[in-house]
Protein chains: 2
Amino acid sequence: MPKTASRAAGLHRASLGKLHDLDAALELMYYGWRGMTLLADQYLATLGLSRPHHRILYVVARQPDISIGSLIEVLGISKQALNRPLNLLLERKLLTSKRSPEQHRSKLLRLTQEGQRVEQRASGYERKVLRDAFDRVGQPGAAAWMAVMGVIADNN
Amino acid sequence: MPKTASRAAGLHRASLGKLHDLDAALELMYYGWRGMTLLADQYLATLGLSRPHHRILYVVARQPDISIGSLIEVLGISKQALNRPLNLLLERKLLTSKRSPEQHRSKLLRLTQEGQRVEQRASGYERKVLRDAFDRVGQPGAAAWMAVMGVIADNN
DNA sequence: CCTCTAAGGTCAATCTAGTTGACGTTAGAA
DNA sequence: TTCTAACGTCAACTAGATTGACCTTAGAGG
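(A) Summary view of the confidence of the model for chain A. Taken residue by residue, chain A gives an average pLDDT of 90. The fraction at 70 or more is 90%. Long-range and interchain partners of residues 1–9 of chain A, a stretch whose pLDDT sits below 50, account for eight contacts in this model, where long-range means more than four residues apart.

(B) Structural view of helix α4 (residues 79–91) of chain A. Residue and element names in this part refer to chain A. Helix length check: α4 (13 residues) gives 17 Å between terminal C-alpha atoms against 18 Å at 1.5 Å per residue, within 8%. Its axis deflected by about 25° at P85, α4 carries its strongest bend there. Along α4, the positions that sit buried rather than exposed are L82, P85, L86 and L89. Where α4 is buried, its residues meet α2 (51–62), α3 (68–75), β2 (95–99) and β3 (107–111). A positive backbone phi angle near 60° is found at K93, which sits one or two residues after α4.

(C) The arrangement of the interface of chain B and chain A in detail. If you look at the interface, chain B gives 63 residues, while chain A gives 64 residues. Across the chain B/chain A interface, buried area totals approximately 6,000 Å², and carbon plus sulfur atoms make up 71% of it. Counting every contact that joins chain B to chain A gives four salt bridges. For the salt bridge of B:D23 with A:R62, the shortest nitrogen-to-oxygen distance reads 2.7 Å. On inspection of chain B and its partner chain A, the count reaches eight residue pairs in polar contact (both at pLDDT 80 or more). Elements with a contribution of two residues or more to the side of chain B that touches chain A: α1 (23–46), α2 (51–62), α3 (68–75) and α5 (113–153) of chain B. Residue classes in the side of chain B that touches chain A are distributed as 35 nonpolar, 15 polar and 13 charged.

(D) Structural view of the sheet that holds strand β3 (residues 107–111) of chain B. Residue and element names in this part refer to chain B. Spatially, the three strands line up as an open sheet ordered β1-β3-β2, and their pairing is antiparallel. If you trace the sheet from one side to the other, it starts and ends with β1 (66–67) and β2 (95–99), each paired once. Note: β1 against β3, two bridges, orientation antiparallel. The partner of I66 across the bridge, within β3, is L109.

Here is what the cut-offs are and how they apply
- Residues numbered from 1 in each chain as written.
- Chains lettered and ligands numbered in written order.
- Predicted model: local features only at pLDDT ≥ 70, side-chain atom pairs only at ≥ 80, totals over all residues.
- Heavy atoms only, no water.
- pLDDT = per-residue confidence, 0-100.
- Contact = heavy atoms within 4.5 Å.
- Helix = DSSP H or I, 4+ residues; strand = E, 2+ residues; numbered from the N terminus.
- Expected span 1.5 Å × (residues − 1).
- Bend = angle between axes of the 7 residues up to and from the residue.
- Buried < 20%, exposed > 50% of the residue type's maximum accessible area, 1.4 Å probe, protein only.
- Buried area = accessible area lost by both parts, 1.4 Å probe.
- Salt bridge = Lys/Arg side-chain N within 4 Å of Asp/Glu carboxyl O.
- Polar contact = N/O pair within 3.5 Å; in protein donor to acceptor, adjacent residues only side chain to side chain.
- Nonpolar A, V, L, I, M, F, W, Y, C, P; charged D, E, K, R; others polar.
- Pairing = 2+ DSSP bridges.

Next up, the structure:
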């Protein structure tokens, strides 16, 4: 275990001098991602899972009977990269895959009950962080946050 | 170059069904990070550099004459992990290291002019994304965003 | 029936970014 | 002079990705 594990990589929300007025915002984005995902990652780690597994579970939960090809597209990774984590989830029976009667070519992925439980809990940790933050600033603040993030996320 | 490069990994701001009201916020966090860093990463890639190099440049720019040990602490990585990117930056003369007259034990890191130029430009791309988003929602919206992110970032 | 093709599976090699552990060097402090 | 802090580096490992090559399965079209 790394010396800094309890604070997570590089995270004393640094005491760095600011060169620009937007430096603080820049750093908030960095620390914000870690802050949102830390608990979820810790939970997943207790199951021997990590981000990639969670992403798969998250997508399949919201798109039941998704095909492998579509999953690859949504996740934006190669099938070789998907292979490992996907097979682990199948072995662990968090996911099932079966070919449909008609479209026998493509496989349909679904969460098992256990898979749903894990996905719920992992995503739940992340939602809780967001909910707490939104609660503290009220609905208008939350809406403003969404608006800002929407514009930022559109830079693709 | 990956087939999805122009959209960056998994980024059609997915058409996923929502299971929870906070799912949209969750996804905004994910896409937001990519949206903020995409241009900067593309620029860095043209120089053969990436995130870790940028993080080093960013910190040294804001903490001139920082020692290697302190840099390791701030970044939260091992000295072995720092070694490679740091040496590259020194070879490329984006960074200088010299021992101070008194504290001859520790090395002091500084950006060269070229290093400053690169750091400015890379961070500048990220700041522009933020500035554009803040401009679109006005000062109160920006303040709300900072407040929300502050609370989220505190989850460590 | 046969061939073409879409969907999926898998193997190998490579890259990046990190980790531990072990050990070596440099140079100030006791 | 020896002890130690700060730095440097080597090796082995892991996780998460990439590309390229090749194979199987099974529906579709001639």
